[in-house]
Amino acid sequence: MFNSKFNLKYLMPFALVLFLAFVPGAQDPTVIRIGNTRIGFQEFEERLNDIPLPNESLYSPVAVKEDLASTLVAETILASEAKKDNLDTLSAVRAMSAEYFREALYEQWMNEQVMDSIKVTPSEIQTGYNRFKQTRYIDYWALPSLKEALAVRQEIVEGIRKNTDGKLKKLEYGEAFENIEDTVYTMSVGQVSNPMKIGDQYYVFKLIKTEENPKYAKHDVGFYRPTIIERIRSKESTYRLMDAMKGLMSDKGYDIELESYKYLLRQLIPVVFDKDLPNADKGQAIQESLLETKLKSGKTNDKPLVVFKDGKVWTVNDVWRKLAVSPYPLNYPDAKALQAGVLQVIDRLVILDSVVKDAVARGYSDSHYVRYQTEMWSNSLLARAQLNKFRDSLPIKESVVRAFYDSTKKHHLQPERRRIIPLVVKSKALAERLYREIRKGADIVALARKYSVNKLGLDNKVQGVFITKNEWGNAGKAAFELRPGQVSAPHKIQDSTAATSYVIVKLLEVKKASPYPYKMIHRQLFLAYQNWLLHRYVNKFLLKAVKEYKISINQSVLASVPYAGGDMVVLKTHFPLRTGAPGIQFFDSPVRGDVILRPQMHELNSPTLAEYYRYAQTNWFHE
């Protein structure tokens, strides 16, 4: 057993970012009614301002609202059909619905106990906007002691220590601790901060440059006022949350049984690092896989893993089930990070469990917010379950997938690649000297082995590394202007730590763009074909189903719902696996376009849902 005392520091990253504010209202007028189901003003507004759009300027608020209304009708119908098929009795669906209830309790507790007492002044909003529309670039140095930090600061001020010795960081409003942000956003370009203690280290910052944020500077303070208020409140909530949690968690110490924890990790690793999981939404995919995967049978499953000071325990099986519905992701880069990361997730689950119990004790279980949030999320879950049932029933012919590949190879091309020898050094003077030597006949491979800080491709049987035009910045562009055998002049680049280096490249070989091998993209092709069939099936299903439901959309209430601009996607960032409002990504809607198929799969684009939307306009929308 090893000690794992409850640690409030794990709250900090989640307390620093946005919390969704809930302002209960006496009236919640109906926007949409589908049979006995209603979608009120509050739910519609929450979902509306969570829609990520590719380019908000192309779409009017009216089009976006009507698109969402039609989508929510489809979601409600699919959820209703899922209940008819008893999908709400599936263990995975019941487990996730119970988790949504707990998370809604947590949110109500957060708002009641932390957020509601925080007031934001007009001057704070203006200050927040001035920061919101600006991006700042800083170099920073982290030192273990104040003495060392003061010495480094003096060297920076005197010019002894250059910018390239520090780490470059792009900083946007709301991304850093408040004391850091207050320091950086009041500095002038070139100014160096005094050392600041953060955790166990001392930090020194130097402001390198400022620029307008191209995304947020285009609107005035009024446009972003709700978002800025929430960011200010979320930062203030950090301190209030810490105070509230100290009392709540005072008796929640626990220990971890080491052997049980190792056993859990051995079961997690093949699920978390399954190479077939999609990279686009890895955290969500891991959770779905955990829901579908059962622990290997054995006595260890029932052994204690988390042992609380009050005598209660969570077994290995308990923790597995909690992780399978947890709102905290497990998409760690490697097994070592997973080993440490799961401990943090367990800590957060202890916090969540404690807050939920306190929320129940305070009588929040039957509140309007908790009820409607649980129903909203559960219906979205049921709609996805119905779609998955449809998907699983579709016949997939391998011969059709292969024929699609053969007929559309031009759309499945690997980009042109070039094999180069890179020689990377830190000094511009050294790079220029080595370049002159190479021009006189010196072997770039021998020089790279001796001087290069990047040894890529030097020990391969076929020497060099393949790059595309978009890799290696200016050096990559230079490589695509060379002929085989030619060497580029030194180019300035930044490495993975944002430090400046200089690179010389020699072009060895050119591989023109060519189709990916069938086996390499078979899964993409299969899913594209499956999605195409699913589109067609659901389109026909909805056109039939909508005629069996009594549907109405109140146009006047719909028009009155405030729209924040579409690109201001709000996430429940204290629950990283949850978006601010659930919603199925719905096929070929007029506004959002095709969100499922990759661009190179455009030959398989399904018929749009134009007929479905025409039906909606004719039959649902009214004054």
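What counts and what doesn't
Residues numbered from 1 in each chain as written. Predicted model: local features only at pLDDT ≥ 70, side-chain atom pairs only at ≥ 80, totals over all residues. Heavy atoms only, no water. Helix = DSSP H or I, 4+ residues; strand = E, 2+ residues; numbered from the N terminus. Buried < 20%, exposed > 50% of the residue type's maximum accessible area, 1.4 Å probe, protein only. Contact = heavy atoms within 4.5 Å. Core = buried A, V, L, I, M, F, W, Y, C linked by side-chain atoms within 4.5 Å. Axes fitted to C-alpha atoms, helices over the stretch in contact; angles between N-to-C directions. Parallel < 35°, antiparallel > 145°, perpendicular 65-115°, else oblique. Nonpolar A, V, L, I, M, F, W, Y, C, P; charged D, E, K, R; others polar. Pairing = 2+ DSSP bridges. Phe/Tyr/Trp six-rings, centres within 6.5 Å; stacked < 30°, edge-to-face > 60°. Salt bridge = Lys/Arg side-chain N within 4 Å of Asp/Glu carboxyl O. Polar contact = N/O pair within 3.5 Å; in protein donor to acceptor, adjacent residues only side chain to side chain. pLDDT = per-residue confidence, 0-100.

Chemist: What is the right way to read the overall build of the protein chain from this model?
Modeler: Counting its secondary structure elements, the protein chain contains 20 helices and 18 strands. When each of the 623 residues of the protein chain is scored for burial, the buried share is 48%. Counted over contacts in the protein chain with a minimum sequence separation of 6, partners at least 24 positions apart contribute 78%.

Chemist: Explain the nonpolar core here, please?
Modeler: Considering soluble globular proteins, one finds that nonpolar side chains tend to be buried as a cluster. Grouped together as the largest cluster of nonpolar side chains are 66 residues, with contacts concentrated most on Trp109, Leu264, Leu268 and Ile346. Considering each element in turn, this core owes the most residues, 11 residues, to helix H12 (residues 335-361). Once residues within four sequence positions are removed from consideration, Leu264 is found in contact with Leu305, Val316, Val319, Trp320, Leu323 and Val342. By size, the runner-up hydrophobic cluster in this structure holds 40 residues, among which are Val31, Val64, Val73 and Val538.

Chemist: Quick question: what am I supposed to make of the packing of helix H11 (residues 316-325) against H12 here?
Modeler: A packed helix pair is summarised by two numbers, namely the angle formed by the two axes and the spacing between the axes. Where H11 contacts H12, the axes come no closer than 11 Å and their chain directions differ by 85°. Taken as axis vectors, H11 and H12 run roughly perpendicular relative to one another. Seen from H11, the contacting residues are Val319, Lys322 and Leu323; seen from H12, they are Val345, Ile346, Leu349 and Asp353. Looking at the contact of H11 with H12, its residues break down into 5 nonpolar, no polar and 2 charged.

Chemist: Explanation requested: the pairing of strand E7 (residues 201-212) in the structure shown.
Modeler: In summary, the side chains of a regular strand alternate between the two faces of the sheet. The pairing of strand E4 (residues 134-143) with E7 spans 10 bridges and is classified as antiparallel. Along E7, the bridge assignment pairs Ile138 with Leu207. Count of turn residues in the strand E6 (residues 196-198)/E7 antiparallel hairpin: 2 residues, of which Gly199 carries a positive phi of about 70°.

Chemist: How should I be thinking about the packing of aromatic side chains in this particular structure?
Modeler: Within a pair of aromatic rings, the relevant descriptors are the distance that separates the centres and the angle that separates the planes. Summed over all chains, the structure comprises 11 aromatic pairs. Their ring planes at 50° and their centres at 5.0 Å tell us that Tyr106 and Phe575 sit as a pair that is tilted. One end of the pair, Tyr106, is in helix H4 (residues 91-115); the other, Phe575, is in the loop between helix H19 (555-560) and helix H20 (610-619), with 469 residues separating them in the sequence. On the accessibility criterion, Tyr106 (4% relative accessible area) is buried.

Chemist: Looking at this structure, I do not really get the pairing of strand E2 (residues 30-34). What am I missing?
Modeler: Across 4 bridges, E2 lies against strand E3 (residues 37-40) in antiparallel orientation. Residue pairing in the sheet places Ile34 in a bridge with Thr37 of E3. The loop that links E2 with its antiparallel partner E3 comprises 2 residues; one of these, Gly35, has a positive phi angle of about 60°. Relative to strand E17 (residues 551-554), E2 runs antiparallel, the two being bridged by 3 bridges.

Chemist: Which parts of the structure should I look at to understand unusual backbone geometry?
Modeler: If a residue is not glycine, its phi is most likely negative; likewise, a peptide bond is most likely trans. Even without a glycine there, the phi angle at Asn86 is positive, about 60°. You can see Asn86 is positioned in the loop between helix H3 (61-84) and H4. Asn86 gets classed as partly exposed once you look at its relative accessible area, which sits at 47%.

Chemist: Would you mind showing me how to read the sheet that holds E7 here?
Modeler: The 4 strands are arranged E5-E4-E7-E6 in an open sheet whose pairing can be described as antiparallel. Of all strands in the sheet, those with a lone pairing partner are strand E5 (167-171) and E6, marking the two edges. Taking the axes of each pair of neighbouring strands and ignoring which way they run, one obtains an average angle of 45° across the sheet. Judged from the 5 bridges that link them, E4 and E5 form a sheet pairing that is antiparallel. Each residue of the ladder has a partner; that of Arg136, found in E5, is Leu171. Those strands touched by helix H6 (residues 146-157) are E4 and E7, and its axis lies near 35° from that of E7.

Chemist: What exactly am I supposed to notice about the pattern of salt bridges here?
Modeler: Pairing between side chains of opposite charge can happen when their charged atoms approach one another. One pass over the structure, following the stated rule, counts 21 salt bridges. One salt bridge in this structure joins Glu43 and Arg47, with 3.4 Å as the shortest N-O distance. Placement of both Glu43 and Arg47 in helix H2 (residues 41-48) is noted, with a separation of 4 residues, approximately one turn of the helix. Overall, the relative accessible area of 4% leaves Arg47 in the buried class. Residue Glu259 pairs with Lys262 through a salt bridge whose shortest N-O separation is 4.0 Å. Taken as a pair, Glu259 and Lys262 lie in helix H9 (residues 258-272) at a separation of 3 residues, close to a single helical turn. Taking the relative accessible area as the measure of exposure, Glu259 reaches 55% and is therefore exposed. Beyond isolated ion pairs, a larger network of salt bridges with shared partners links Glu99, Arg102, Asp353 and Lys357.

Chemist: Teacher, can you tell me more about the environment of Val401 here?
Modeler: By secondary structure assignment, the location of Val401 is in helix H14 (residues 398-407). Relative accessible area serves as the criterion here: at 1%, Val401 is assigned to the buried category. A C-alpha to C-alpha distance of 9.9 Å links Val401 and Tyr518, two positions 117 residues apart in sequence. Residues within four places of Val401 in sequence aside, it is in contact with Ile396, Tyr518, Leu525, Phe526 and Tyr529.

Chemist: What is the right way to look at the packing of H3 against helix H18 (residues 518-545) in this model?
Modeler: Where H3 meets H18, the closest approach of the two axes is 11 Å, and the angle between their N-to-C directions is 90°. When the axes of H3 and H18 are compared, the pair comes out roughly perpendicular. Contact residues: H3 offers Ala74, Ile77, Leu78 and Glu81, while H18 offers Phe541, Leu542 and Ala545. Broken down by class, the residue content of the contact of H3 with H18 amounts to 6 nonpolar, no polar and 1 charged.

Chemist: Where do I start with the environment of Ala513 in this structure?
Modeler: Looking at the element boundaries, Ala513 is found in the loop between strand E15 (500-511) and strand E16 (514-515). Along the backbone, Ala513 and Leu413 are 100 residues apart, and their C-alpha atoms lie at a distance of 6.1 Å. Discounting residues that sit within four places of it in the chain, Ala513 has contacts with Gln414, Pro415 and Glu416.

Chemist: Quick question: what am I supposed to make of the side chain of Gln42 here?
Modeler: Tracing the chain through its elements places Gln42 in helix H2. A residue is classified by how much of its surface remains accessible, and Gln42, at 16% relative accessible area, is buried. Of note is the side chain of Gln42, whose polar atom sits 3.2 Å from the side chain of Tyr372.

Chemist: Sorry, what's going on with the confidence of the model for the protein chain here?
Modeler: Should pLDDT be low for a region, the predicted coordinates there are not to be read in detail. Looking at the protein chain, the pLDDT average stands at 80 and 83% of residues meet or exceed 70. Mean pLDDT across the secondary structure elements of the protein chain bottoms out at helix H1 (residues 12-15), with 31, and peaks at strand E10 (residues 313-315), with 96. Segment residues 2-26 is flagged for pLDDT under 50; beyond a separation of four residues in sequence, or across chains, it makes 75 contacts in the model. Here residues 587-613 scores under 50 on pLDDT; set against residues more than four positions off or in separate chains, the count is 82 contacts.

Chemist: What am I meant to see in the side chain of Thr315 here?
Modeler: Looking at where Thr315 falls in the secondary structure, it is placed in strand E10. We classify Thr315 as buried; its relative accessible area is 14%. With residues near it in sequence (within four places) discarded, Thr315 still touches Asn301, Asp302, Lys303, Pro304 and Leu305.

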